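Understanding the architecture of this molecule
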Amino acid sequence: TILTEQLREQRKKRVPPVYRLNLDPHTQFSQYINELIADINHLEEKLATASFSSRQDEAHRFLSRFDPNNRYNLNSDDIVVLFNTLPSNERLKSAREGLMILRDIYREGIYDANNPDIRTPSGNLGFYHIHRESGHIAQAEVQSEVDALRSLRINLSALDIPREGSVALYRVLRTGLSPNLQFDPVRTEEKEMQALANIRPVVINVPEGQTIIEPGLKVTRLDH
């Protein structure tokens, strides 16, 4: 019984934990940004004749009206840059392209190395077992938050827009990037049960006349 339990524990430890990717933060952020860009375009005529400083003031007031709590901690200066460098149709197009880039990053997965529920992989590659929406569990490489931000910046710089606008768009979109790798206890337990299903009880055969415990030795649970 003792050896069987030890074997079970060893097999369980070999089963990698299963995680899932939470895409809700991206969905919420996308809705937020689309509404933001639409409202910015409504300011077109008002900001077109204003001075740069007036635009900054107006952008700050706009953010305060749009989202009094500024839940994503946006900077009004970035709003002004997007307005100055991109016409309304390009702002909307670039924002949507940026959100698609962000969506792809979320779908690849972002892990938080400081989360105690996430078992950080050894080495430089972050391979995790991911429970996909299809129901399948597959091994996939997941980025750290730092690498995900770097990927976002590089991909946005490839867009056909002025560099200043690309940098401002990055500063806006990075506020919507957060770790989305979550431990899945149910799927992990299922995998553990599958690994234990074929374990047979350990049997110890002691031939007649064989010494089990030498004189003077301490009797352990296993010996008993």
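Below, the structure is looked at part by part. This structure is a prediction, so every number in the text was calculated from the model and none was measured. (Residues numbered from 1 in each chain as written. Predicted model: local features only at pLDDT ≥ 70, side-chain atom pairs only at ≥ 80, totals over all residues. Heavy atoms only, no water.)

Brief notes about the overall build of the chain
Threshold: A run of DSSP states H or I qualifies as a helix once it reaches four residues; a run of E qualifies as a strand once it reaches two. Both are numbered from the N-terminal end. The globule rule is 2.2 Å times the number of residues to the power 0.38, and the radius of gyration it is compared with is taken over C-alpha atoms. Burial classes: relative accessible area under 20% of the type maximum marks a residue as buried, over 50% as exposed, and values in between as partly exposed (1.4 Å probe, protein chains only). We call two residues in contact when some of their heavy atoms are within 4.5 Å. The accessible surface values rely on the Shrake-Rupley method and a 1.4 Å probe; as for residues, cover is taken only from the protein chains in view.
Assigned secondary structure in the chain consists of nine helices and six strands. Computed over the C-alpha atoms, the radius of gyration of the chain is 28 Å, more than 25% above the 17 Å expected from 2.2 N^0.38 for a compact globule of 224 residues. Taking the principal axes of the C-alpha coordinates as reference, the chain spans close to 105 × 35 × 30 Å. With 224 residues in all, the chain has 35% of them scored as buried. Put simply, 74% of the contacts in the chain that link residues at least 6 apart link residues at least 24 apart. Working note: accessible area of the chain is about 14300 Å², and carbon and sulfur atoms make up 47% of it.

Looking at the nonpolar core
Heads up, the rule is: Think of a nonpolar core as a cluster: buried Ala, Val, Leu, Ile, Met, Phe, Trp, Tyr and Cys residues, connected wherever their side-chain atoms sit within 4.5 Å.
With 35 residues, the main nonpolar core has I33, L36, L152 and L156 as its most contacted residues. Sorting the residues of this core by element identifies α2 (24–42), α4 (52–66), α5 (76–85), α6 (88–108), α7 (145–157) and α8 (163–173) as the ones contributing at least two each. Among all residues touching L36, those that are not within four sequence positions of it are F62, L63, F66, L74 and I79. Y19, L21, Y111 and V142 belong to the second-largest nonpolar core, a separate cluster that totals nine residues.

Comments concerning the pattern of salt bridges
How we decide: Salt bridges are counted wherever a side-chain nitrogen of Lys or Arg sits within 4 Å of a carboxyl oxygen of Asp or Glu.
Scanning all chains against the criterion turns up five salt bridges. Between D147 and R150 there is a salt bridge; the shortest N-O distance is 2.5 Å. Linking D147 with R150, this pair stays in helix α7, spanning three residues, or about one helical turn. In this structure D147 comes out as partly exposed when scored by relative accessible area, which is 32%. The shortest N-O distance in the salt bridge between E190 and R187 comes to 3.0 Å. Residue E190 and its partner R187 are both found in helix α9 (residues 185–196); the two are separated by three residues, about one turn of the helix.

What about a nonpolar patch on the surface?
As a reminder of what qualifies: Think of a patch as exposed residues, more than 30% relative accessible area, with no salt bridge, where like charges cluster within 9 Å and nonpolar side chains (Val, Leu, Ile, Met, Phe, Trp, Tyr) cluster within 5 Å.
On the surface, V202, I204, V206, I212, I213, L217 and V219 cluster together into a nonpolar patch covering about 610 Å² of accessible area. Positionally, I213 belongs in the segment after α9.

With respect to the sheet that holds strand β4 (residues 137–141)
The strands making up a sheet are joined through hydrogen bonds of the backbone, oriented either antiparallel or parallel. Quick note on the threshold: Between any two strands, pairing holds if DSSP finds at least two bridges. Geometry is summarised by axes, namely lines fitted to C-alpha atoms with helices restricted to the contacting stretch, and by angles between N-to-C directions that run from 0 to 180 degrees.
Strand order in the open sheet formed by four strands is β4-β3-β1-β6, and the pairing between neighbours is mixed. In this open sheet, the two edge strands, each paired with only one partner strand, are β4 and β6 (181–183). With direction set aside, neighbouring strand axes in the sheet form an average angle of 50°. Here strand β1 (residues 18–21) pairs with β6 via three bridges, running antiparallel.

Details of the side chain of S151
Mapped onto the secondary structure, S151 falls in helix α7. Residue classification places S151 among the buried positions, given a relative accessible area of 18%. With sequence-adjacent residues up to four places away left out, S151 is seen in contact with I105 and Q143.

A closer look at α5
Defined as follows: Nitrogen and oxygen atoms within 3.5 Å of one another constitute a polar contact, given that in protein one can donate a hydrogen and the other can accept it, and given that sequence-neighbouring residues count only through two side-chain atoms.
Burial analysis of α5 places eight of its ten residues in the buried class, the great majority of the element. Buried residues of α5: S76, D78, I79, V80, V81, L82, F83 and T85, and no others. Sitting at the head of α5, N75 places a side-chain oxygen 2.8 Å from the backbone nitrogen of D77.

Points about the side chain of D67
Tracing the backbone through its elements, the reader meets D67 in the loop between α4 and α5. Residue classification places D67 among the buried positions, given a relative accessible area of 6%. Polar contacts involving the side chain of D67 include one to the main-chain amide nitrogen of R71, which spans 2.8 Å.

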